[in-house]
Amino acid sequence: MTSNLTWHHHAVDAQSRAKALKQKPLVLWFTGLSGAGKSTLANGVEQALAELGKHAFLLDGDNVRHGLCKDLGFSDGDRTENLRRVGEVAALMLDAGLIVLAAFVSPFKADRQLLRDRLGERFFEIHVDADLSTCEARDPKGLYAKARRGEIKRMTGLDSPFEVPENPDLVINTQQLSPDEAVARVLIWLVDKVGLDAATD
Ligand SMILES: Nc1ncnc2c1ncn2[C@@H]1O[C@H](COP(=O)(O)OP(=O)(O)O)[C@@H](O)[C@H]1O
Ligand SMILES: [Mg+2]
């Protein structure tokens, strides 16, 4: 089917868009168990970036499942397709010059590797880490309780695996760091290691 399609090259390219926004486009991918603190952290980072005059956009697992991925469930195949679509959206946003924050359980190593392959050197994996018993005790959405009662199947951490990232770009342990400390840690890393304030290249 794609053999009949032509790719159009546009006069305004990714580099000029990034330059206009005076920033280095990035994807910060937050992975971790449900309840680990991905949404809280990504929200805090988005807020901190906005205060620095950066243009960021947060893609959050629960939200995309209401629209872009509303036809998908939680089978392994659907989880993979969910992340593939989000990866494509993130690629468009990178092209638009944005700093993309993505908060998804993203439990499978192979899916995260596909994202890294697709998004390249601008992709950074942040493992938001808290152990299962901590996440289950937090359970802000009651998902673990429902899963324990058998009302939800394929709950990550219980009857579906979470494959711990082996080489994440950053680990944030939310049992040790408060939400504010976690945001500060990410910001320091962004400036020191990722070159947040470096000239756009
Ligand atoms: N650094 C933290 N320390 C303690 N509790 C946290 C921290 N970050 C998040 N939480 C709490 O953990 C729960 C789950 O956070 P949330 O961001 O919704 O997780 P996720 O998006 O990973 O499912 C919430 O009740 C939140 O207030
Ligand atoms: Mg969340």
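Quick summary incoming for the structure in this document. (Residues numbered from 1 in each chain as written. Chains lettered and ligands numbered in written order. Predicted model: local features only at pLDDT ≥ 70, side-chain atom pairs only at ≥ 80, totals over all residues. Heavy atoms only, no water.)

1. Overview of the sheet that holds strand β1 (residues 26-31)
Part 1 of the reasoning: The strand order across the open sheet formed by 5 strands is β2-β3-β1-β4-β5, and the pairing between neighbours is parallel. The two strands at the open ends of the sheet, each matched to only one other strand, are β2 (56-60) and β5 (170-173). Averaged over all pairs of adjacent strands, the angle between their axes in this sheet comes to 20°, without regard to strand direction.
Part 2 of the reasoning: Here β1 runs beside strand β3 (residues 99-103); their pairing, made up of 5 bridges, is parallel. Looking at the pairing, Phe 30 lines up with Ala 103 of β3.
Part 3 of the reasoning: Each of β1, β4 (123-129) and β5 touches helix α8 (residues 179-194); the most contacted strand, β5, lies at about 165° to it. (Pairing = 2+ DSSP bridges. Helix = DSSP H or I, 4+ residues; strand = E, 2+ residues; numbered from the N terminus. Axes fitted to C-alpha atoms, helices over the stretch in contact; angles between N-to-C directions. Contact = heavy atoms within 4.5 Å.)

2. Points about the environment of Gly 120
Part 1 of the reasoning: With respect to the helices, strands and loops of the structure, Gly 120 is situated in the loop between α5 (109-119) and β4.
Part 2 of the reasoning: C-alpha of Gly 120 to C-alpha of Leu 26: the two residues are 94 residues apart in sequence and 9.9 Å apart in space.

3. A short note on the pattern of salt bridges
Part 1 of the reasoning: Under the criterion given, the structure shown has 14 salt bridges.
Part 2 of the reasoning: In this structure, Arg 118 engages Glu 88 in a salt bridge whose closest nitrogen and oxygen atoms are separated by 2.7 Å. Within this pair, whereas Arg 118 is found in helix α5, its partner Glu 88 is found in helix α4 (residues 76-95), the two being separated by 30 residues in sequence.
Part 3 of the reasoning: On the accessibility criterion, Glu 88 (30% relative accessible area) is partly exposed.
Part 4 of the reasoning: We note a salt bridge from Glu 166 to Lys 109, for which the minimum N-O separation is 3.2 Å. With Glu 166 in the loop between α7 (143-148) and β5 and Lys 109 in helix α5, this residue pair connects regions lying 57 residues apart in the sequence.
Part 5 of the reasoning: Among the ionic contacts, a cluster of salt bridges with common partners joins Asp 71, Glu 81, Arg 84 and Arg 85. (Salt bridge = Lys/Arg side-chain N within 4 Å of Asp/Glu carboxyl O. Buried < 20%, exposed > 50% of the residue type's maximum accessible area, 1.4 Å probe, protein only.)

Remember, this is a structural readout, not a statement about activity or role.
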